[in-house]
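Residue strings, one per chain:
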Amino acid sequence: PDSIYFNDSGQTGITDTTASFSEGMSTGGIIGGTGGFKTKDQDGIVIANSGLTYTIAEVRDNNSQPALQTTAETHFGINDAGNNNYQLKTTNPKFYYGDSNSGGVGHEYLITIKVINTSNEWTTQVFTITLTNSAPVLTLPATANHAHFNSTGSIITPTSSVNGSTDPDQDN
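Here is what the cut-offs are and how they apply
- Residues numbered from 1 in each chain as written.
- Predicted model: local features only at pLDDT ≥ 70, side-chain atom pairs only at ≥ 80, totals over all residues.
- Heavy atoms only, no water.
- Helix = DSSP H or I, 4+ residues; strand = E, 2+ residues; numbered from the N terminus.
- Phe/Tyr/Trp six-rings, centres within 6.5 Å; stacked < 30°, edge-to-face > 60°.
- Buried < 20%, exposed > 50% of the residue type's maximum accessible area, 1.4 Å probe, protein only.
- Lys NZ or Arg CZ within 6 Å of the ring centre and 35° of its normal.
- Pairing = 2+ DSSP bridges.
- Core = buried A, V, L, I, M, F, W, Y, C linked by side-chain atoms within 4.5 Å.
- Contact = heavy atoms within 4.5 Å.

Colleague: Break down the environment of Asp16 for me, citing the residues and quoting the values.
Modeller: Mapping Asp16 onto the fold places it in the loop between strand S1 (3–6) and strand S2 (18–22). Separated by ten residues in the primary sequence, Asp16 and Phe6 have C-alpha atoms spaced 5.2 Å apart.

Structural data, given as structure tokens:
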């Protein structure tokens, strides 16, 4: 193996080695498209994923030292979707846009993926994954049942607490 890339390159927000995901993504959410990883040999020919093993070698948050993750899947992991389709996934739902660790803006994760074949030959590739801000989704009641016309109703009822702003101290 010589290089690794996202198979869904060319889709909006995904290039060969970059992608993004929104804060509040559920654990197990797929990053970089459902096509997963593809690996090329030194001649630029795609290698079938059969017999290849993908692992995360390291994760850095905004290129910080020390690494955020090295062995355990504390933030990101590899999803085996079947049929030799391996994908990057989240393993932690606690990603916050604009927290103090990122200087008030989104995080940029540098994720080093390692692929090894059955002959014990391997290569690594750094993927740049950006955390984006997500606007909360509000569901308003139908006009006929609107709180303005109903003294016992409420105007806004949260239907989800996935946006980081529902946990201002970011400890849950």
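Colleague: Requested: an account of the packing of aromatic side chains, with residues and values cited.
Modeller: If you walk through the whole model with that rule in mind, you get eight aromatic pairs. Ring geometry for Phe6 against Phe37: centres 5.7 Å apart, planes inclined by 15°, an arrangement best described as stacked. One end of the pair, Phe6, is in strand S1; the other, Phe37, is in strand S4 (residues 37–40), and 31 residues separate them in sequence. For the pair Phe6 and Phe37, one class covers both residues: buried. Ring centres of Phe21 and Phe76 lie 5.9 Å apart, and the angle between their planes is 90°; this geometry places the pair in the edge-to-face category. Placement of the pair is Phe21 in strand S2 and Phe76 in strand S7 (residues 76–80), with a sequence separation of 55 residues. Among the aromatic residues, those joined into a ring-pair cluster are Phe6, Phe37, Tyr54, Tyr86 and Phe127. The aromatic ring of Tyr5 is capped on one face by Lys40, whose charged end is 4.9 Å from the ring centroid.

Colleague: Explain the pairing of S4 to me, using residue names and the numbers behind them.
Modeller: Judged by which residues are buried, S4 turns out to be one-sided: Phe37 and Thr39 face inward and are buried, whereas Lys38 and Lys40, on the alternate face, are not. Taken together, the four bridges between S1 and S4 define a ladder with antiparallel strand orientation. Across the sheet, Tyr5 pairs through a bridge with Lys38, a residue of S4. Judged from the two bridges that link them, S4 and strand S5 (residues 46–47) form a sheet pairing that is antiparallel.

Colleague: I'd like to hear about the sheet that holds S4, residue by residue, with values.
Modeller: Read across the open sheet, the three strands follow the order S1-S4-S5; overall the sheet is antiparallel. In this open sheet, the two edge strands, each paired with only one partner strand, are S1 and S5.

Colleague: Just give me the short version of unusual backbone geometry, but keep the residues and values in it.
Modeller: Of note in the backbone geometry, Asn84 takes a positive phi value of approximately 60° without being a glycine. Here Asn84 lies in the loop between S7 and strand S8 (86–90). If you check the backbone angles, Asn120 has positive phi at about 70° while not being a glycine. Relative to the helices and strands, Asn120 is located in the loop between strand S9 (108–116) and strand S10 (122–132).

Colleague: Give a description of the nonpolar core that names residues and reports values.
Modeller: Formed by 23 residues in total, the largest nonpolar core has its most connected members in Phe37, Phe76, Leu88, Ile113 and Ile129. When residues of this core are traced back to their parent elements, those giving at least two are S1, S2, strand S6 (53–61), S7, S8, S9 and S10. The leading source of residues in this core is S9, at four residues. Beyond its immediate chain neighbours, meaning those up to four positions away, Phe37 contacts Ile4, Tyr5, Phe6, Asn49, Tyr54, Ile78, Tyr86, Gln87, Leu88, Ile113 and Phe127.

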